[in-house]
Structure formats: C-alpha cells, structure tokens
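# Observations on chain architecture
One letter stands for each residue in the lines below.
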Amino acid sequence: MAYRVIRPGDAAWRLSNEMRTANANVGAQLGATTLGARFWRVRPGQASTRHRHVGEHELYLVLEGTGRMRVDDDLLTLPPHSVALVEPDSVRQVFNDTDADQFWFIVGAPPEDPPLSTLSPPDVRARVYPDGPAALPPEFEG
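This write-up is about the structure you can find in this document.

About the criteria used
Residues numbered from 1 in each chain as written. Predicted model: local features only at pLDDT ≥ 70, side-chain atom pairs only at ≥ 80, totals over all residues. Heavy atoms only, no water. Core = buried A, V, L, I, M, F, W, Y, C linked by side-chain atoms within 4.5 Å. Buried < 20%, exposed > 50% of the residue type's maximum accessible area, 1.4 Å probe, protein only. Helix = DSSP H or I, 4+ residues; strand = E, 2+ residues; numbered from the N terminus. Phe/Tyr/Trp six-rings, centres within 6.5 Å; stacked < 30°, edge-to-face > 60°. Pairing = 2+ DSSP bridges. Salt bridge = Lys/Arg side-chain N within 4 Å of Asp/Glu carboxyl O.

Right, let's get into the nonpolar core. In this structure, Trp40, Val42, Tyr60, Val62, Met69, Val71, Leu78, Ala84, Val86, Val94, Trp104 and Ile106 together form the largest nonpolar core, which totals 12 residues. For this core, the elements supplying multiple residues, two or more each, are β3 (36–42), β4 (57–64), β5 (67–71), β7 (83–86) and β9 (102–109).

Next up, the structure:
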C-alpha cells in the first residue's frame, strides 16, 4: 500500500516512561521506518524529557496552546502553528508552565544509528539524557 491513515480518535496513546506525558507514536503506528512522529499532549505542570539526539533532526509543531521549550540555553515561547527545527546534539525539552494544555506534533529523522533500543541503559542515559531522564526545566524550580 502506498499510504496509511490514522483518523482522529484512532491513534493509540500512552504515557511516556519517564515523565508520564501522554503521547501517540503515530509514526510507528503507521509503519514508518525512516522517521519518527508523535503527538504529545503536555498538560500544565508537565514536561518531556530533557534530551538530545546524536544524528536526528526534530521538527516541533505547536498545534494548540502556547508552546514552551528550551533548546540548549535558549527559552522559546511559541504560539500555535509555530514550528521549530532542532538540530542533532542540541539539548531540548518541551514543558508546560502555562495554565492550558499544549498539543504538539513532533517529527524526527533520520532514525538514530545505532537505534537507542540496542544500547544498554547506562549508554542511553549518557548519550541522550545530560541531566538524567527525569530532569525538570528551571521554570519548575521553587
């Protein structure tokens, strides 16, 4: 088949392992092998992991709410329909210190090489999570 479709309401959602943030891995659900694509619902007081990718670019699209993210030392505030491209090796974290939900679509390519699933947990932590997988943004301190 030359295409696949996920209709509204049909995506399988789960909570992320570390931060317990709702996401739907629509790339995998559609069978994509050369890019990753997820919807993220970030509620007030939630954050994604503070992480980096070694060889993968990520495109962050804010669909709803005011997007807040930190890329390296830069703090970004993005209105709906804004798009940010984050290059490999930059440390990034989406977080919500507002009073309304954020809805993001995040796409990454090419896939990490080697795949993170083939690395041992200490190697993944060292390569991907500079401050550990549960680090919160400075905006949540206090």
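Turning our attention to the packing of aromatic side chains. Think of a pair of aromatic rings as described by two things: how far the centres are apart, and how the planes are tilted against each other in angle. Within the structure shown, the criterion is met by six aromatic pairs. Pairing Phe95 with Phe140 gives two aromatic rings, centres 6.0 Å apart and planes at 85°, and the pair type is edge-to-face. Placement of Phe95 in strand β8 (residues 92–95) and of Phe140 in the segment after α2 (121–128) is noted, with a sequence separation of 45 residues between them. Overall, Phe95 belongs to the buried group, its relative accessible area being 0%.

Right, let's get into the pairing of β3. Examined bridge by bridge, strand β2 (residues 22–24) and β3 share three bridges and lie antiparallel to one another. Within β3, the position partnered with Ala24 by the bridge is Phe39. Looking at chain direction, β3 and β9 are connected through seven bridges and run antiparallel. When the sheet's bridge partners are listed, Phe39 is paired in β9 with Phe105.

For the structure shown, the criterion picks out six salt bridges. Arg50 is paired through a salt bridge with Asp131; the nearest N and O atoms lie 2.4 Å apart. Placement of Arg50 in the loop between β3 and β4 and of Asp131 in the segment after α2 is noted, with a sequence separation of 81 residues between them. Here Arg68 and Asp97 are joined by a salt bridge, their closest N and O atoms 2.9 Å apart. With a gap of 29 residues between them, Arg68 in strand β5 and Asp97 in the loop between β8 and β9 connect regions that are remote in the sequence.

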